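# A closer look at the structure
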Amino acid sequence: MSDRPAQGKSTLGKGTRVTGKSRDRLQTQLKKQYEAGASIRSLARETGRSYGFIHNVLVESHVQLRSRGGANRRKTAGK
């Protein structure tokens, strides 16, 4: 049995420092997923990292963050 994470799921040990090329790759991956509609919370769950860590990585990669509620929230007619 391998210690590698399941394919497509990059879990990082909680509190593990991510620097250099690893961080660059993570930023690219998270930016792509976030811009495709994934939420910060879902990315945190998927990677095993905190909401704050994911938020900071996205800010570092100059992502335009969505407002609260994201793309799923809609205004209802008449309200």
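This section reports on the structure supplied with the text. (Residues numbered from 1 in each chain as written. Predicted model: local features only at pLDDT ≥ 70, side-chain atom pairs only at ≥ 80, totals over all residues. Heavy atoms only, no water.)

## Re the nonpolar core
When a protein is soluble and globular, its nonpolar side chains tend to lie buried together. The biggest cluster of nonpolar side chains holds 12 residues, and these are Val-18, Leu-26, Leu-30, Tyr-34, Ile-40, Leu-43, Ala-44, Phe-53, Ile-54, Val-57, Leu-58 and Val-63. Breaking this core down by element, the ones donating at least two residues are α1 (20-35), α2 (40-47) and α3 (51-60). Per-element tally for this core: the top contributor is α3, with four residues. (Core = buried A, V, L, I, M, F, W, Y, C linked by side-chain atoms within 4.5 Å. Buried < 20%, exposed > 50% of the residue type's maximum accessible area, 1.4 Å probe, protein only. Helix = DSSP H or I, 4+ residues; strand = E, 2+ residues; numbered from the N terminus.)

## Regarding the environment of Leu-26
With respect to the helices and strands, Leu-26 occurs in helix α1. Overall, Leu-26 belongs to the buried group, its relative accessible area being 6%. Separated by 28 residues in sequence, Leu-26 and Ile-54 place their C-alpha atoms 9.7 Å apart.

## Quick look at unusual backbone geometry
The phi torsion at His-62 lies on the positive side, around 60°, for a residue other than glycine. Positionally, His-62 belongs in the segment after α3. Owing to a relative accessible area of 71%, His-62 belongs among the exposed residues under this scheme.

## Side note on the pattern of salt bridges
Counted according to the given criterion, the structure contains one salt bridge. Of the charged contacts in the structure, one is a salt bridge between Arg-23 and Glu-60, with a shortest N-O distance of 3.0 Å. Taken together, the residues Arg-23 in helix α1 and Glu-60 in helix α3 connect sequence positions 37 residues apart. Residue Arg-23 is classed as buried on the basis of its relative accessible area, which comes to 19%. For Glu-60, a relative accessible area of 38% gives the class partly exposed. (Salt bridge = Lys/Arg side-chain N within 4 Å of Asp/Glu carboxyl O.)

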